[in-house]
Amino acid sequence: MKRSKVLVTGGTGYIGAHTTVELQQAGFEVVVVDNLSNSTEDVIDGIEKITGERPRFYMADCSDLESFTRVFKEEEYFDAAIHFAAFKAVGESVREPLKYYRNNLQSLINLLLLTSESKKGAILFSSSCTVYGQPDKEHLPVREDAPLKKAESPYGLTKQMCEDILSDSSRAFGERIRIISLRYFNPIGAHKSALIGELPRGVPQNLLPFVTQTAIGKRDKLSVFGNDYSTPDGSCIRDYIYVCDLAKAHVAAVERMLFKPGEMESGIEYFNLGTGRGLSVLEVINEFEKATGVKVPYVIAPRREGDVEQVWADPSKANKTLGWRADTPIDEVMRSAWLWEQRLASNS
Ligand code: UD1
């Protein structure tokens, strides 16, 4: 039987690479497009080492319609596309909003334009729990029908705007093109082989890379941004989800669009991807130390501007509809992140 062919934009990025691995292991043919603005082509080698298959790779910028069109021409068709390619640094988006609006919106619009030229299509979009802003207490854990609050940053607004663009497009396309938007909570960890993982450029903005870099001695100490929030230990709460569990949800969502489209509630669906369990920053440090036996020196620092106090997912819709669950134990996830950091250190 002919394998279904999936386009993965941003496929050399953190979540994109892990998803490419899971797709290949589930039997899909994968084509990766990435402009390498926040990754390197070595990631393709890592993917090949894990799966034994090298995904076809195009270095192209999805926000440039001409070069993106060339990929579609060369490949002739895709059964589905997963759109990861986007900028994601909250702070940078505040300093350079236009960079974010241009890249994140234009790339998605181009993908929709190119997909709409085929008779059939399926698009999976990388969204974020950032679309909920700080949910009211009665909406925690967050379900998909919780109100979307005003975005805290241009980055967050691009995710909301992209979801609007998708929902308008879905109405116009009808049954012809299926769309699923996956709202990620906080992805962490690395593939157990330690051949792919998160590659922050410069000083990491996200918590786990900062934790592992501090543990290995690359950073003196971790700053815990605020311990005066109204949470049990005063630090912020998030729903940390193992990146390989997250990647597997993409396989389930692609399969739903391709093989069970009649089961979709409408042309577009939304799913929260999280574990359903919130962890505070201090609990994350503690879990890491317990799992690895390595101490993480930290200090309490002022709150970080724009941070949401607490948010975690109600993943029951994804659990039920996609038959998927994020169930990797946290100690295993922490060890995977640590193994990856050690591998990076041994290569540098
Ligand atoms: C945010 C967005 C998420 C987005 C991601 C992109 C929310 C709720 N989440 O994640 O949708 O995809 O940015 O990067 O808006 N922390 C420290 N010290 C550090 C780093 C982080 O204490 O050095 C704390 C933060 O204050 C936060 C938690 O760790 O409470 C997680 O932070 P981070 O990993 O940056 O992710 P979010 O800000 O939750």
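Whatever comes next refers back to the structure up there.
Note that the structure is predicted; figures quoted are calculated from it, not measured.

Undergrad: Residues and numbers for the layout of surface pockets, please.
TA: A volume near 540 Å³ is recorded for the second largest pocket. Lining the second largest pocket are 25 residues, and of these Asp42, Leu199, Trp340, Leu344 and Asn347 lie nearest its centre. At the level of elements, α2 (42–51) and α11 (330–347) are the ones that each hand at least two residues to the lining of the second largest pocket. Of the residues belonging to the lining of the second largest pocket, the class tally is 9 nonpolar, 8 polar and 8 charged.

Undergrad: For helix α9 (residues 281–292), give the residues involved together with the corresponding values.
TA: End to end, α9 covers 17 Å across 12 residues, agreeing with the expected 16 Å (1.5 Å per residue, within 8%). What α9 keeps buried is the set Val281, Val284, Ile285, Glu287, Phe288, Glu289, Ala291 and Thr292. Two residues or fewer past α9, Gly293 is found with a positive phi of approximately 75°.

Undergrad: Can you lay out the side chain of Glu341 for me, pointing to particular residues and giving the numbers?
TA: Its place among the elements puts Glu341 in helix α11. At 2.7 Å, the side chain of Glu341 and the side chain of Thr212 are in polar contact. Contacts of Glu341, omitting those with residues within four sequence positions, involve Pro209, Thr212, Gln213 and Ile216.

Undergrad: Run through the pattern of salt bridges, naming residues and quoting values.
TA: Here the structure, examined in full by the defined rule, presents 23 salt bridges. The partner of Arg178 in a salt bridge is Glu175, with the nearest N and O atoms 3.3 Å apart. Residues participating in the shared-partner salt-bridge network are Lys5, Glu29, Arg56 and Glu75.

Undergrad: Lay out the pairing of strand β6 (residues 177–184) in plain terms, naming residues and giving numbers.
TA: Consecutive residues of a regular strand have side chains that alternate between opposite faces of the sheet. Within β6, 8 of the 8 residues are buried, leaving the element largely enclosed by the surrounding structure. Burial along β6 is two-sided: the face carrying Ile177, Ile179, Ser181 and Arg183 and the face carrying Arg178, Ile180, Leu182 and Tyr184 are both buried. Bridge count between strand β5 (residues 121–128) and β6: 8 bridges; the pairing is parallel. If you follow Ser128 over to β6, its bridge partner there is Tyr184. Traced from β5 through helix α6 (residues 154–173) to β6, the parallel crossover comes out right-handed. Note: β6 against strand β11 (residues 268–273), 6 bridges, orientation parallel. In the strand pairing of β11, Leu182 is matched with Phe271.

Calculation criteria
Think of each chain on its own: its residues are numbered from 1, step by step along the sequence as written. Reporting of local features is limited, given that this is a predicted model, to residues whose pLDDT is at least 70; pairs of side-chain atoms are given and counted only at 80 or more, and all residues count toward the totals for whole chains, interfaces and linings. Heavy atoms throughout the structure, all of them, feed into the side-chain values; hydrogens and water do not. Both cavities and pockets are sets of points on a 1 Å grid over the protein atoms alone; in a cavity a 1.4 Å probe fits but cannot get out, in a pocket the set is open with protein on both sides within 12 Å along at least five of seven lines, and lining residues sit with an atom within 4 Å of a point. Grid points are joined across faces, edges and corners, and a volume is the space filled by probe spheres set on the points. Only DSSP runs of H or I covering at least 4 residues are called helices, and only runs of E covering at least 2 are called strands; the numbering of each starts at the N terminus. Note on residue categories: nonpolar means Ala, Val, Leu, Ile, Met, Phe, Trp, Tyr, Cys or Pro, charged means Asp, Glu, Lys or Arg, and polar means any other residue, Gly included. How far a helix is expected to stretch is found by multiplying one less than its residue total by 1.5 Å. Burial classes follow relative accessibility: with a 1.4 Å probe on protein chains only, a residue under 20% of its type's maximum area counts as buried, one over 50% as exposed, and anything between as partly exposed. In protein, a polar contact requires one atom able to donate a hydrogen and another able to accept it; more generally it is a pair of N or O atoms within 3.5 Å, and residues adjacent in sequence count only if both atoms are side-chain atoms. In this analysis, two residues are considered to be in contact whenever any of their non-hydrogen atoms come within 4.5 Å of each other. Salt bridge, as used here: a side-chain nitrogen of Lys or Arg that lies within 4 Å of a carboxyl oxygen of Asp or Glu. What makes two strands pair is DSSP finding at least two bridges between them. Assignment of crossover handedness uses the view with strands pointing away from the viewer, where a clockwise path from the first strand over the helix to the second indicates a right-handed crossover.

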